Structures are given as structure tokens and as C-alpha cells.
Amino acid sequence: MASLFPAPDDDAADMPELCEINVTPFIDVMLVLLIIFMVVSPLATVDLKIDLPAATAKPEPRPEKPLFVSLKADRSLYLGESPVAREQLGRLLDAETGGDRQRTLFFQADKQAAYEDVLGVMDALRQAGYLKVGLVGREGG
């Protein structure tokens, strides 16, 4: 009777072994991961227009002489109540604070001010060396 499995013959034993990695399972795993990434990545983006609420935290007591930097809706910048050019902001802050860059500044911006302008003023304050900046908002709801 013939066997289902042929007996190994001498020619098959003389063949060299193949030492290659079968990459097909790795490609399958990578394709599954790619599909998962393609499905999940649109869910990770946030594209919402939101109206930020007013702060309800208990307000801190004001310092003796607070120093306000204000940005109006028409892009005009003020230090205290005096208008200031953005290029002169660092120099005038040094004169006002006596060069004390550890002093906390209070920055307030009009609700209609563009976000780009607000970030521009914040960047100008950072470049001038004033890193302690408190943002001023209205109290309550």
C-alpha cells in the first residue's frame, strides 16, 4: 500500500535550508494598523467653534500698583492708560517697572480683538523678558 507521505529521499536531504523571514504576516499587521489609524485619526481633530465662559474663580486681591497692558478691538495697545507702539512696549515696560522682569503684568484684551493680535502682544511681552503675565477677564457669568 502506498503511503500518503513520501519517504524522504536523499535528494531532498541535500537541499540547502532557506533562512528567510516570511514577511507576509508583518505586512498584514501593518495594513490592519494603517486601517485603524485611518479610521481613528479624523476623530482626534477638534473643529469646534466655542464661546468661552467667564471665570467663576474667586478673584485674587489686587497688588498695590497693578500694571495693565491693554489691547483694544482696533489693535491699539496701551500701557496703563497711555497709548504705546508695539515696538516700544519692552522699553517702556522696563522704564515703568525699573527693569524688574519678575513683576506680574496684567494683560486685558477686548472681546472683539483678533486672536492673532492677542498672541502678538503676548509674544512681544515674552521677547521683552516679562514671563509673569496674568490674563484679565470679567468676573461672574
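Residues numbered from 1 in each chain as written. Predicted model: local features only at pLDDT ≥ 70, side-chain atom pairs only at ≥ 80, totals over all residues. Heavy atoms only, no water.

- As recorded by an unreviewed UniProt entry, the chain carries the name Biopolymer transport protein ExbD and is attributed to Janthinobacterium violaceinigrum.
- Per its UniProt entry, the chain bears the Function (unreviewed entry) comment "Involved in the TonB-dependent energy-dependent transport of various receptor-bound substrates." (UniProt positions renumbered as here; feature names shortened; annotations may be inferred.)

### Considerations on the side chain of Ser-76
Part 1 of the reasoning: Topologically, Ser-76 is positioned in the loop between strand 1 (68–71) and strand 2 (77–79).
Part 2 of the reasoning: At a separation of 2.6 Å, a polar atom in the side chain of Ser-76 contacts the side chain of Asp-74.
Part 3 of the reasoning: With residues near it in sequence (within four places) discarded, Ser-76 still touches Ser-70 and Leu-71. (Helix = DSSP H or I, 4+ residues; strand = E, 2+ residues; numbered from the N terminus. Polar contact = N/O pair within 3.5 Å; in protein donor to acceptor, adjacent residues only side chain to side chain. Contact = heavy atoms within 4.5 Å.)

### Details of the confidence of the model for the chain
Part 1 of the reasoning: Residues of the chain with pLDDT of at least 70 account for 80%, and the chain-wide mean is 81.
Part 2 of the reasoning: Least confident of the elements in the chain is helix 1 (residues 10–13), whose mean pLDDT is 59; most confident is helix 4 (residues 115–127), at 92. (pLDDT = per-residue confidence, 0-100.)

### Thoughts on the environment of Gln-112
Part 1 of the reasoning: Position of Gln-112 relative to the elements: it lies in the loop between strand 4 (105–109) and helix 4.
Part 2 of the reasoning: With relative accessibility at 63%, the residue Gln-112 sits in the exposed group. (Buried < 20%, exposed > 50% of the residue type's maximum accessible area, 1.4 Å probe, protein only.)

### Considerations on the packing of aromatic side chains
Part 1 of the reasoning: Evaluated as defined, the whole model comprises one aromatic pair.
Part 2 of the reasoning: Their ring planes at 35 degrees and their centres at 5.5 Å tell us that Phe-68 and Phe-106 sit as a pair that is tilted. Of this pair, Phe-68 sits in strand 1 while Phe-106 sits in strand 4; the two residues are 38 residues apart in sequence, bridging distant segments of the chain.
Part 3 of the reasoning: What makes Phe-68 buried here is its relative accessible area of 16%. (Phe/Tyr/Trp six-rings, centres within 6.5 Å; stacked < 30°, edge-to-face > 60°.)

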